[in-house]
Amino acid sequence: MNITVADPQPHAVAKALKEIMQVPENGGGICPVRDVLDRIGDKWSLLIILNLGAEENLRFNELRRRVEGISQRMLTVTLRNLEADGLVGRTVYAEVPPRVEYRLTDLGRSLAGAVIGIGNWASQHAPAIAAARARFAA
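Structure report, in brief. Every value quoted in this text rests on a predicted model; they were computed, and no experiment measured them.

## Thoughts on the packing of aromatic side chains
For any pair of aromatic rings, the description rests on two quantities: the centre-to-centre distance and the angle between the ring planes.
Line of reasoning, step 1. What the rule picks out here adds up to 0 aromatic pairs.
Line of reasoning, step 2. Over the face of the ring belonging to tyrosine 93 we find arginine 99, whose NZ or CZ atom lies 3.9 Å from the ring centre.

In structure tokens, the structure reads:
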């Protein structure tokens, strides 16, 4: 069942959201949404996913230049976490010095597809959000 937030049927949206938020019966003990958001909801993960999604692959320093403000250590930690979750692939080439490239996996590309929807929503609603912030600050 695919329902967008713009769906004029609030009961259908509420039902779909409740289904998404349910803890799986397999004993996992954590809502899958929370599990994923714990990983990608940090300051850097989505920016890395967006940048890797825009290119076929990127080397570490290319990615660091594109993700403004990220430290070398934080980029390393975030890439390792994304790799552990199967969202990012890492290829090491046997050269001197070694060359390492990062790319989104199929799973990562599917997440990037979902992020496009959030990006489109943010672009479309940015003026309304700015206006709401201005009203709130006043």
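The structure having been displayed, the exposition proceeds.
## What about the pairing of strand β3 (residues 99-104)?
For a regular strand, side-chain orientation follows a simple rule: the groups alternate between the two sheet faces.
Line of reasoning, step 1. Burial within β3 is extensive, with 5 of its 6 residues counted as buried.
Line of reasoning, step 2. Two elements, strand β1 (residues 58-59) and β3, share 2 bridges in a ladder whose sense is antiparallel. Within β3, the residue paired with arginine 59 across the bridge is glutamate 101.
Line of reasoning, step 3. With 6 bridges joining them, strand β2 (residues 88-93) and β3 adopt antiparallel strand pairing. Within β3, the residue paired with threonine 91 across the bridge is glutamate 101.
Line of reasoning, step 4. In sequence, β2 turns back onto β3 through a hairpin of 5 residues.

## Brief notes about helix α1 (residues 10-21)
Line of reasoning, step 1. The end-to-end C-alpha distance of α1, which contains 12 residues, comes to 16 Å, matching closely the 16 Å that a straight helix rising 1.5 Å per residue would cover.
Line of reasoning, step 2. Within α1 the residues assigned to the buried category are Ala12, Val13 and Ala16. Considered in projection along α1, the buried side chains sweep an arc of 100 degrees and stay on one side of the axis. Along α1, the residues that are exposed and aim more than 90 degrees away from the buried face are Pro10, His11 and Lys18.

## Some remarks on the pattern of salt bridges
Line of reasoning, step 1. Under the counting rule described, the total for this entry stands at 5 salt bridges.
Line of reasoning, step 2. The salt bridge involving arginine 99 is made with glutamate 101; its shortest N-O contact spans 2.9 Å. Take arginine 99 and glutamate 101: they sit in the same class, and that class is buried.
Line of reasoning, step 3. Residue aspartate 106 pairs with arginine 109 through a salt bridge whose shortest N-O separation is 2.1 Å. Taken as a pair, aspartate 106 and arginine 109 lie in helix α6 (residues 106-137) at a separation of 3 residues, close to a single helical turn.
Line of reasoning, step 4. Judged by relative accessible area, aspartate 106 falls into the exposed class, the value being 60%.
Line of reasoning, step 5. A single network of salt bridges, built from pairs that share partners, joins Glu95, Arg99 and Glu101.

Procedures and definitions
Residues numbered from 1 in each chain as written. Predicted model: local features only at pLDDT ≥ 70, side-chain atom pairs only at ≥ 80, totals over all residues. Heavy atoms only, no water. Phe/Tyr/Trp six-rings, centres within 6.5 Å; stacked < 30°, edge-to-face > 60°. Lys NZ or Arg CZ within 6 Å of the ring centre and 35° of its normal. Buried < 20%, exposed > 50% of the residue type's maximum accessible area, 1.4 Å probe, protein only. Helix = DSSP H or I, 4+ residues; strand = E, 2+ residues; numbered from the N terminus. Pairing = 2+ DSSP bridges. Expected span 1.5 Å × (residues − 1). Arc of directions from axis to C-beta. Salt bridge = Lys/Arg side-chain N within 4 Å of Asp/Glu carboxyl O.

Treat this as a map of the structure, not an account of what it does.
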